Amino acid sequence: MAARRTPVCLTIATSDSGGGAGIQADLKAFAASGVQGTSAIVGLTAQSTVAVTRIEQVSPAMIVEQVRVVLEDLGVDAVKIGMVGTRETIEAVATALDLLPDGTPVVLDPVMVAESGARLLAADAHDALVGRLLPRTTVVTPNLPEALALVGRAAADPIDVSALAEEVAALGPDAVLVTGGHRETAEDVLRLEDGSLVRLPGVRHPDGAAHGSGCTHSSTLAAQLALGLPLAEAARVARAVAGEAVRNGRRDVGAGAGPVDVL
Ligand code: PLP
């Protein structure tokens, strides 16, 4: 019998020079889940635990080529899309997604604003993210502010998260996972393709370190899908792993938001 191939995950995302979030967090999360991590770097941030001071995008041709060459040799069992930054980059990512075999799971983390408050998605890129990426997404993983932004709603109080997940689902992804790490309940709400809802309870870790928590969550989710878990099970694992990574987060590096520790 042939040996089982190690699953391969691809992150299409942006580098964080501080090592806390972005590509660096994604590759650590892939390693922690036991899959082979690969990356198509679409942009660079000059970033510390305190601030993002500069952002540059990689050329569209280079974005597509990174995906093409990885696919051709290693194959890709699941994709995570993270910070994409600009409209032009989103177009290149959409072109790259066309290269994937049908049925490859795509996890989209709609990164918009950093924990530090830095804006990570250009103002004019919102429509491209919604129009070009959401319809080809297996599961989108917004936190509450991102979910509200996706549907163009202001924060209301109280928020009906299941109704919000339904509104996001109407934009075209197969499934929606509204993450709850920032809410009092710490509950994730998963709306599956058939319209059913799964509530994933969690524990808040207010004394943890959360920089990179969203990246770690969505990458772990992609890795668990690559390993063959059904979506609800993969979401449960991602919730638990990201929660532990926050709890174990490194409060002893940098002057600002400490990074999660997934390993
Ligand atoms: N920098 C990059 C490159 C990211 O991809 C992200 C989030 O996805 C962040 C910063 C923000 O991370 P956080 O909000 O966890 O601080």
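Relevant structure appears above.
Residues numbered from 1 in each chain as written. Predicted model: local features only at pLDDT ≥ 70, side-chain atom pairs only at ≥ 80, totals over all residues.

Draft legend 1. Inspection of the overall build of the chain at higher detail. A tally of regular secondary structure across the chain gives 8 helices and 9 strands. Computed over its C-alpha atoms, the radius of gyration of the chain comes to 17 Å, within 12% of the 18 Å expected for a compact globule of 263 residues. Of the contacts formed within the chain by residues at least 6 apart in sequence, a portion of 72% connects residues at least 24 apart. (Helix = DSSP H or I, 4+ residues; strand = E, 2+ residues; numbered from the N terminus. Rg over C-alpha atoms; globule rule 2.2 N^0.38 Å. Contact = placed C-beta atoms within 7 Å.)

Draft legend 2. Spatial organisation of the nonpolar core. Counting 72 residues, the largest nonpolar core has Cys9, Ile12, Val79, Ile81, Val93 and Ala222 as the members making the most contacts within it. Dropping the residues within four chain positions of it, Ala222 is found in contact with Cys9, Ala78, Val79, Lys80, Pro105 and Val107. (Core = buried A, V, L, I, M, F, W, Y, C linked by C-beta atoms within 7 Å. Buried ≥ 20, exposed ≤ 12 C-beta atoms within 10 Å, placed from the backbone.)

Draft legend 3. Quick peek at the site of the ligand. Residues in close proximity to the ligand total 19 residues, the closest being Ala21, Gly22, Met83, Ala114 and Glu115. Broken down by secondary-structure element, the contributors of at least two residues to the shell around the ligand are strand 1 (8–16), strand 2 (36–47) and helix 7 (213–226). (Near = placed C-beta within 6 Å.)

Draft legend 4. Broad picture of the sheet that holds strand 5 (residues 106–108). Spatially, 3-2-1-4-5-6-7-8-9 is the arrangement adopted by the 9 strands of the open sheet, whose pairing is mixed. Each edge of the open sheet carries a strand with a single partner, namely strand 3 (52–57) and strand 9 (197–200). Taken together, the 4 bridges between strand 8 (residues 188–191) and strand 9 define a ladder with antiparallel strand orientation. Directly across from Arg191, in strand 9, lies its bridge partner Leu197. Sheet strands in contact with helix 3 (residues 87–97) are strand 1, strand 2, strand 3, strand 4 (78–81) and strand 5, and its direction is about 175° off that of strand 2. (Pairing = 2+ DSSP bridges. Axes fitted to C-alpha atoms, helices over the stretch in contact; angles between N-to-C directions.)

Draft legend 5. Geometry of the environment of Gln24. With respect to the helices and strands, the residue Gln24 is situated in helix 1 (residues 22–33). Its 20 C-beta neighbours within 10 Å are what place Gln24 among the buried residues. The spacing of Gln24 and Cys9 is 15 residues in sequence and 14 Å in space, taken between C-alpha atoms. Residue contacts for Gln24: discarding those within four places in its chain leaves Ser15, Asp16 and Gly19.

Draft legend 6. Layout of the packing of helix 5 (residues 144–151) against helix 6 (residues 161–169). Where helix 5 meets helix 6, the axes come as close as 9 Å, and the angle between the chain directions of the two elements is 45°. As the angle between them shows, helix 5 and helix 6 are arranged oblique. The hand of the helix 5/helix 6 crossing is left-handed. Contact with helix 5, carried on its side by Ala147, Leu150 and Val151, involves Leu164, Glu167 and Val168 of helix 6 and no other residues of that element. (Parallel < 35°, antiparallel > 145°, perpendicular 65-115°, else oblique. Left-handed = near helix turned anticlockwise from the far one by under 90°.)

Draft legend 7. Broad picture of helix 8 (residues 231–247). Across its 17 residues, helix 8 extends 24 Å between first and last C-alpha, which sits within 8% of the 24 Å expected from 1.5 Å per residue. Along helix 8, the residues that are buried comprise Leu231, Ala234, Ala235, Arg236, Ala238, Arg239, Val241, Ala242, Gly243, Ala245 and Val246. (Expected span 1.5 Å × (residues − 1).)

Draft legend 8. Main features of the pairing of strand 4. Because side chains alternate across strand 4, one face comprises the buried residues Ala78 and Lys80, and the other comprises Val79 and Ile81, equally buried. Relative to strand 4, strand 1 is paired through 4 bridges, and the arrangement is parallel. The partner of Leu10 across the bridge, within strand 4, is Val79. In the sheet, strand 4 pairs with strand 5 via 3 bridges, with the strands oriented parallel. By the bridge assignment, Val79 is partnered in strand 5 with Val106. Assessed by its sense of winding, the connection that carries the chain from strand 4 through helix 3 to strand 5 is right-handed. (Right-handed = clockwise from strand over helix to strand, strands pointing away.)

Draft legend 9. Looking closely at the pairing of strand 2. Direction of pairing for strand 1 relative to strand 2: parallel, over a ladder of 9 bridges. Across the sheet, residue Asp16 finds its bridge partner in strand 2, namely Thr45. Viewed along the sheet, the connection from strand 1 through helix 1 into strand 2 turns out right-handed. Looking at chain direction, strand 2 and strand 3 are connected through 5 bridges and run antiparallel. From the neighbouring strand, Leu44 faces strand 3, where its bridge partner is Glu56. Hairpin connection from strand 2 to strand 3: 4 residues lie between these consecutive antiparallel strands.

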